2 protein chains.
Amino acid sequence: MAISSQHTIRNNLLSRLRADDRAAILAALDRVELKRKDVLAQPNEPLTHVHFLETGVASVVVGTRDRRRIEVGIIGSEGATGLPLLFDVDSTPHETFIQIEGEALRMSKDAFIGLIEQRPAFRRLMMRYAHIFQLFTAQTALSHGSYTLEERLARWLLMCHDRVEKDEFPITHEFLSVMLGVHRPGVTTTIHILEGAGTIRARRSHIEIVDRPKLELIAGDSYGIPEAEYRRLITDDVALG
Amino acid sequence: MAISSQHTIRNNLLSRLRADDRAAILAALDRVELKRKDVLAQPNEPLTHVHFLETGVASVVVGTRDRRRIEVGIIGSEGATGLPLLFDVDSTPHETFIQIEGEALRMSKDAFIGLIEQRPAFRRLMMRYAHIFQLFTAQTALSHGSYTLEERLARWLLMCHDRVEKDEFPITHEFLSVMLGVHRPGVTTTIHILEGAGTIRARRSHIEIVDRPKLELIAGDSYGIPEAEYRRLITDDVALG
DNA sequence: AACTTTACGTGCGTAATCGTACATCTGACT
DNA sequence: AGTCAGATGTACGATTACGCACGTAAAGTT
């Protein structure tokens, strides 16, 4: 019911904490498996847990009554789900589910709210992360409004690549079409374009990143702004450590 | 250098505070004029103030080196600028400027940070607002990915209408094209469609809302989700008052 | 091995929006 | 009243993506 050994922690937020804060927080965490399509947060249902991802990728999507859905956030070992709880909000219209299976360190809502109060450094860290999460959503809005499908797909693959250890990960065109808010055949065609350019290799339900620099070139300015801010505000800030 | 009389406050966040919290906060505010195109936050420059808008509308836009820009947030008397300061972040890549002139109650960065610490109710209120601001950005991402220009324009006009007192407000097609991330002639054409449907009336540099219900019909599900959450979490929550 | 499900490939007419160019109009300023 | 910059109106080919329909192919199931 609690995580003791420190060296097993792969979540980058938790690893930024001072030893005493980290110890207090680890005591409230337990490790859980995350399977593909597992739902971590139902829209408009009370949030029960915060998940600090260790491996794998989760997606936050917004949907409407008229069936439209689109991804507005992506979470890996650099972040956590359940941010509304940080904001004194019990539920959100957004849905969070597992895109690529993995593991997470889970904390109950009550424990999280308590630790946020008791550990200012933890609260500040989470708030900084929340800021960057907002930047990701904003960048997604920009991407959908201003970039082509090819650029957006390149961006998404880069973001996913940032969050998994390997160069290959399981993902279907169907899922990608929801993530990017386009129809499925469009994804297939665009994947072939990226594949033809030698940047990726696609198999059934899998995509492998072959030439990341070239992929970054294709994504252009649709990729990079929130990533740079994450490094500036979390990875590189010694004051947090 | 401070706001005394209570009945002059039109900002909806400030008016949700308990009397004692509000008094402490008003003491740190002063009233400023906001002219069209005034910049409240330069991208990547240190934030100096938080602005609680009384009248008028501000826009938050994200831009890239390759000159693309798009609105990712809109702020009126329901909200405030400078949210990164709430998140322990000194600057952001986003730019905030005045879209429709008005007035604001301004607080210095240091005063804001101090009051956030000293007044938990104030902090919780601001965090709830930050959550809803995030929903707005997410809804914008959805809109750009899934709705037509006509629907998105209708949505924007509704959001603007929510934030001004009158049915008419000054706005140019040029500005709208940046807000919506489309080219300017497209805005002109789409305005004519909305005008032809009898929902708005357009003059040089001005748009008047004539038939709001019909505009809501056109906007469809692109409009409404964050607005409903604002009502649930801020307007209707007596626990905050 | 037959069957079923899930995922991928492809084509094509249609719609939306872009990109660009240019004409016109309005209000402010001199 | 004349001038001018900013704002708006219009046109049109090019591009992108949609919407559907249908075919194929790979993995799991019995």
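Predicted, not measured: the structure shown is a model, and the values here were computed from it.

1. Considering the UniProt feature "domain: Cyclic nucleotide-binding" (unreviewed entry) in chain A
Phase 1 of the analysis: UniProt's entry tags residues 13-143 of chain A with the feature "domain: Cyclic nucleotide-binding" (unreviewed entry), counted in the numbering of this structure.
Phase 2 of the analysis: The annotated region residues 13-143 of chain A carries 35% helix and 31% strand content, and the separation between its end C-alpha atoms amounts to 26 Å.

2. Overview of the interface of chain A and chain B
Phase 1 of the analysis: Listed as interface residues are 47 residues of chain A and, on the opposing side, 47 residues of chain B.
Phase 2 of the analysis: Summed over both partners, the interface of chain A with chain B buries about 4,000 Å², with 58% contributed by carbon and sulfur atoms.
Phase 3 of the analysis: One can count eight salt bridges joining chain A with chain B.
Phase 4 of the analysis: Where Arg232 of chain B meets Asp90 of chain A, a salt bridge forms, and the shortest distance between an N and an O atom there is 3.2 Å.
Phase 5 of the analysis: In this assembly, chain A and chain B are joined by 20 residue pairs in polar contact (both at pLDDT 80 or more).

3. A word on the protein's contact with DNA strand D
Phase 1 of the analysis: Surrounding DNA strand D, one finds 15 residues, the nearest of these being Leu149 and His183 of chain A together with His173, Arg204 and Ser205 of chain B.
Phase 2 of the analysis: Considering the 4 Å shell around the protein, atoms of DNA strand D inside it are sugar or phosphate in 52% of instances.
Phase 3 of the analysis: Contact distances for DNA strand D include 2.8 Å between a phosphate oxygen and a backbone N or O atom of His173 of chain B.
Phase 4 of the analysis: Between DNA strand D and Arg204 of chain B there is a distance of 2.8 Å, counted from a base nitrogen to a side-chain nitrogen or oxygen.
Phase 5 of the analysis: For the surface near DNA strand D, the element with the most residues is helix 7 (residues 184-196) of chain B, which contributes four residues.
Phase 6 of the analysis: Grouping the constituent residues of the surface near DNA strand D by class yields four nonpolar, eight polar and three charged.

4. Structural notes on the side chain of Glu229 of chain B
Phase 1 of the analysis: One can find Glu229 of chain B in helix 9 (residues 225-235).
Phase 2 of the analysis: Every residue in contact with Glu229 of chain B, bar those within four places of it in the chain, is listed here: Asn44, Ser91, Thr92 and Pro93 of chain A together with Ile132, Leu135 and Ile234 of chain B.

5. Focus: the packing of aromatic side chains
Residue and element names in this part refer to chain A.
Phase 1 of the analysis: This structure, assessed with the given rule, holds nine aromatic pairs over all chains.
Phase 2 of the analysis: With centroids separated by 6.2 Å and ring planes inclined at 40 degrees, the aromatic side chains of Phe52 and Phe122 adopt a geometry described as tilted. Within this pair, whereas Phe52 is found in strand 3 (residues 49-53), its partner Phe122 is found in helix 4 (residues 120-146), the two being separated by 70 residues in sequence.
Phase 3 of the analysis: Given a relative accessible area of 0%, Phe52 falls into the buried group.
Phase 4 of the analysis: Chaining the aromatic ring pairs together yields one cluster made of Phe52, Phe112 and Phe122.

6. Some remarks on the relation of the copies chain A and chain B
Phase 1 of the analysis: Superposition of chain A onto chain B requires a rotation of 180 degrees combined with a translation of 0.0 Å along the rotation axis, giving an RMSD of 0.0 Å. Within this description, the copies of the chain are treated as partners about a two-fold rotation axis. The rotation axis passes nearest to the C-alpha of Ala141 of chain A in chain A, at a distance of 1.9 Å.
Phase 2 of the analysis: Of the interface residues in chain A, 100% have counterparts in chain B that sit at the interface too, so the contact is made through matching surfaces.

7. Observations regarding the UniProt feature "domain: HTH crp-type" (unreviewed entry) in chain A
Phase 1 of the analysis: On the UniProt side, "domain: HTH crp-type" (unreviewed entry) is annotated at positions that read residues 147-213 of chain A here.
Phase 2 of the analysis: Taken as a whole, residues 147-213 of chain A contains 57% helix and 16% strand, while its terminal C-alpha atoms sit 19 Å from one another.

8. A look at the protein's contact with DNA strand C
Phase 1 of the analysis: In the neighbourhood of DNA strand C, 15 residues make up the surrounding shell, with His173, Arg204 and Ser205 of chain A together with Leu149 and His183 of chain B lying closest.
Phase 2 of the analysis: Within the contact set of DNA strand C, a phosphate oxygen lies 3.0 Å away from a side-chain nitrogen or oxygen of His192 of chain A.
Phase 3 of the analysis: Between DNA strand C and Arg204 of chain B there is a distance of 3.1 Å, counted from a base oxygen to a side-chain nitrogen or oxygen.
Phase 4 of the analysis: Broken down by element, the surface near DNA strand C gets its largest block of residues, four residues, from helix 7 (residues 184-196) of chain A.

9. Focus on the sheet that holds strand 6 (residues 95-100) of chain B
All names here are of chain B.
Phase 1 of the analysis: Ordered by their spatial adjacency, four strands build an open sheet running 2-6-4-5, and the pairing between neighbours is antiparallel. Two strands bound the open sheet, and with one partner strand each, they are strand 2 (39-41) and strand 5 (69-75). Ignoring which end each strand starts from, the neighbouring axes of this sheet average 35 degrees apart.
Phase 2 of the analysis: When strand 4 (residues 57-63) meets strand 6, the two strands line up antiparallel, connected through five bridges. Across the sheet, residue Val61 finds its bridge partner in strand 6, namely Glu95.
Phase 3 of the analysis: Against the sheet, helix 6 (residues 173-180) makes contact with strand 4, strand 5 and strand 6, and its axis sits at roughly 95 degrees relative to strand 5, the strand it touches most.

So, how was this worked out
Residues numbered from 1 in each chain as written. Chains lettered and ligands numbered in written order. Predicted model: local features only at pLDDT ≥ 70, side-chain atom pairs only at ≥ 80, totals over all residues. Heavy atoms only, no water. UniProt positions renumbered as here; feature names shortened; annotations may be inferred. Helix = DSSP H or I, 4+ residues; strand = E, 2+ residues; numbered from the N terminus. Contact = heavy atoms within 4.5 Å. Buried area = accessible area lost by both parts, 1.4 Å probe. Salt bridge = Lys/Arg side-chain N within 4 Å of Asp/Glu carboxyl O. Polar contact = N/O pair within 3.5 Å; in protein donor to acceptor, adjacent residues only side chain to side chain. Near = heavy atom within 4 Å. Nonpolar A, V, L, I, M, F, W, Y, C, P; charged D, E, K, R; others polar. Phe/Tyr/Trp six-rings, centres within 6.5 Å; stacked < 30°, edge-to-face > 60°. Buried < 20%, exposed > 50% of the residue type's maximum accessible area, 1.4 Å probe, protein only. Least-squares fit on C-alpha atoms with pLDDT ≥ 70 in both. Pairing = 2+ DSSP bridges. Axes fitted to C-alpha atoms, helices over the stretch in contact; angles between N-to-C directions.

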